[in-house]
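# Notes for the structure review
Now for the letters of each chain:
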Amino acid sequence: MSSVRVLVGTRKGAFILTSDGKRSDWQVSGPHFAGWEIYHLKGSPVDQNRIYASQSSGWFGQVIQRSDDGGKTWQTPGTSEEDLRGPDGMPKGESNMFVYDGVAGTHQWYDGTQHPWEFKRVWHLEPALDDADHVYAGVEDAALFESRDGGKSWRELSGLRKHDSGPRWQPGAGGMCLHTILLDPKNRGRMFIAISAAGAFRSDDAGETWKPINRGLQSNFMPDPTAEVGHCVHRIALHPSKPETLFMQKHWDVMRSDDAGESWREVSGNLPTDFGFPIDVHAHEPETIYVVPIKSDSEHFPPDGKLRVFRSRTGGNEWEALTNGLPQRDCYVNVLRDAMSIDSLEPCGVYFGTTGGQVYGSSDAGDTWKPIVRDLPAVLSVEVQTLP
Amino acid sequence: MIRVVLPHHLRTLASVGEEVQVDVASPVTQRSILDAVEKKYPMLRGTIRDHATQTRRPFLRFFACGEDLSHEQPDSPLPEQVARGAEPFIVMGAIAGG
């Protein structure tokens, strides 16, 4: 019987939630890496026991962790007993060494001046589709790195950061982070990334060169609301069967593109607010999408104290509120951009975590919800693995 | 044998207790101690000193013999009590945050 494993990153450690395919009874493992911020964990689609985790701290910097047994045990890549017995005597200890390629250069700062690029942390880890040792990392200050040795060492795919528009990128309130990495399963070599606040970019040559794909976005906080870059994209998503269609939750506006990002149109429709962070796509219905509307610019909690997921079965514009099992009064949590995920069972399960420490799950594609856990530290990310 | 006290989070990262011991040839300095610690516990590389610049991470301090040595030069000899193992070299995280 199939089962699911939900990987939860929080402000104070990682938790792993497991259940059989019924998704009604859950076991909770954790905290792993207690006290550290876990921005993201994600399993390899090639080997589901291979999980990468981004562990960080304002005191001690960045650490990369790897599990090869589904999260039971962890190691910093390159420091296993096998590595320690290597011919060089000692490993290089470079699994957390993220060094920008060449001259780091500058980007736009909050006050409009130029500011040096400075590595702060890994926001998102995206394992490759065909090799468990190959994994991408999206970092703050915005750049894309890859490892081809299971996380032991990293190199920057610097064509992105060195794009002509780089000096015009600027940090959002959460920092200048590369938070989304989408790999196109049909067009190998094509990938999409999103940066807050620069916008979305596409590469068609495995990350060597990039183009901004922000035509159609409108950001009224910018001097030129339709500029090539500078947009605060919060999240983009695609369905693997239809990767030319992209969905975007922007700082304001929910958008879609049907030409791999060449142009975008707004599909916010009847949402109570078109601000929010996560957006995701149903596992079996490429035109069914989910968002969690949030009040902003600064409040960052659900409208009217009601935690509602909104689902569109029409690829946007027409939205229905999903409330069954979710708090409908006095709820003032946020749902962050990487904190929603969808399993591939039938019907698909939808999961999201809140800054109040709840992880909610739905085993019927969003019709009804239950809290899996209620009292974790603030949830930064949620990823689900569907296991055979 | 040089004694080194690590902060809680680095103990869990390296799977060690409060104090570790490393062999360091004379002269015993911040740099030679941290080189030895990182060689023995490679998962600590980059967590005490910046990978690229080898400078102390901003929210960490170095203490020994009741003195704050954080701003001493990395190649300055440390107190004789540290060099002979009578006193530990202490790596401490700033008390801040939640």
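The structure reproduced in this document is the subject of the present report. (Residues numbered from 1 in each chain as written. Chains lettered and ligands numbered in written order. Predicted model: local features only at pLDDT ≥ 70, side-chain atom pairs only at ≥ 80, totals over all residues.)

A tally of helices and strands in chain A yields 1 helix and 29 strands. A compact globule built from 388 residues should have a C-alpha radius of gyration of about 21 Å, and chain A, at 20 Å, falls within 12% of that. By principal-axis analysis of the C-alpha atoms, chain A measures approximately 60 × 50 × 40 Å. With 388 residues in all, chain A has 53% of them scored as buried. For chain A, long-range pairs separated by at least 24 residues make up 50% of all intrachain contacts whose partners lie at least 6 apart in sequence. (Helix = DSSP H or I, 4+ residues; strand = E, 2+ residues; numbered from the N terminus. Rg over C-alpha atoms; globule rule 2.2 N^0.38 Å. Buried ≥ 20, exposed ≤ 12 C-beta atoms within 10 Å, placed from the backbone. Contact = placed C-beta atoms within 7 Å.)

Summing up its helical and strand segments, chain B has 3 helices and 5 strands in all. Moving toward the C terminus, one meets the helices and strands of chain B in the order β-α-β-α-β-β-α-β. Taken against the 2.2 N^0.38 rule, which gives 13 Å for 98 residues, the C-alpha radius of gyration of chain B at 12 Å falls within 12% of a compact globule. With the C-alpha coordinates aligned to their principal axes, the bounding extent of chain B is approximately 35 × 25 × 25 Å. Residues counted as buried form 30% of the 98 residues belonging to chain B. Sequence-distant contacts in chain B: of pairs separated by 6 or more residues, those separated by 24 or more amount to 54%.

Contacts between chain B and chain A engage 18 residues on the former and 17 residues on the latter. Among the elements that take part in the side of chain B that touches chain A, helix α1 (residues 8-14) of chain B stands out by supplying 3 residues, more than any other. Grouping the amino acids of the side of chain B that touches chain A by side-chain chemistry returns 8 nonpolar, 6 polar and 4 charged. (Nonpolar A, V, L, I, M, F, W, Y, C, P; charged D, E, K, R; others polar.)

Let us now look at the nonpolar core. Residues and elements named next belong to chain A. In this structure, V8, I193, M248 and V359 are the most contacted members of the largest nonpolar core, which totals 125 residues. By residue number, the principal contributor to this core is strand β14 (residues 191-196), which donates 5 residues. Dropping the residues within four chain positions of it, V359 is found in contact with V6, V8, L17, Y351, G353, P371, I372, V373, L376, V379 and V382. (Core = buried A, V, L, I, M, F, W, Y, C linked by C-beta atoms within 7 Å.)

Residue and element names in this part refer to chain A. Taken together, the 4 strands give an open sheet; going across it, the order is β21-β22-β23-β24, and neighbouring strands pair in antiparallel fashion. Where the open sheet ends on each side, the last strands, each with one partner, are β21 (276-281) and β24 (320-322). Each neighbouring strand pair of the sheet contributes to a mean axis angle of 30 degrees, computed without reference to strand direction. Pairing of strand β23 (residues 309-312) with β24 involves 3 bridges; the strand directions are antiparallel. Within β24, the position partnered with V309 by the bridge is L322. (Pairing = 2+ DSSP bridges. Axes fitted to C-alpha atoms, helices over the stretch in contact; angles between N-to-C directions.)

This part covers the environment of D25 of chain A. Relative to the helices and strands, D25 of chain A resides in the loop between β2 (13-20) and β3 (27-32). Sequence separation of D25 of chain A and F145 of chain A is 120 residues, and the distance between their C-alpha atoms is 38 Å.

All names here are of chain B. For helix α2 (residues 30-40), the set of buried residues is Q30, I33, L34 and V37. The arc that holds the buried residues of α2, viewed along the axis, is 90 degrees, so those residues lie on one side. Those residues of α2 that are buried are in contact with β1 (2-5), β2 (19-22), β3 (60-64) and β5 (89-93). (Arc of directions from axis to C-beta.)

Attention shifts here to the sheet that holds strand β25 (residues 340-342) of chain A. Residue and element names in this part refer to chain A. Taken together, the 4 strands give an open sheet; going across it, the order is β25-β26-β27-β28, and neighbouring strands pair in antiparallel fashion. Bordering the open sheet on either side are β25 and β28 (370-373), each of which pairs with just one other strand. For this sheet the average axis-to-axis angle between neighbouring strands, irrespective of direction, equals 25 degrees. Strand direction decides the pairing type here: β25 and strand β26 (residues 350-353), joined by 3 bridges, are antiparallel. The partner of I342 across the bridge, within β26, is V350.

A few words now on the environment of D68 of chain A. Residues and elements named next belong to chain A. With respect to the helices, strands and loops of the structure, D68 is situated in the loop between β6 (61-67) and α1 (81-84). Residue D68 is classed as partly exposed on the basis of its C-beta count, with 17 C-beta atoms lying within 10 Å. Sequence separation of D68 and H300 is 232 residues, and the distance between their C-alpha atoms is 37 Å. The residues touching D68, leaving out its near neighbours within four places in the chain, are N49 and R50.

Moving on: the pairing of β5 of chain B. Residues and elements named next belong to chain B. Relative to β5, β1 runs parallel, the two sharing 2 bridges. Counterpart to V4 in the pairing with β5 is F89. Note: β3 against β5, 4 bridges, orientation antiparallel. Paired with R61 across the strands is M92, a residue of β5.

Everything listed here is a matter of coordinates, which is why it stays silent on function.
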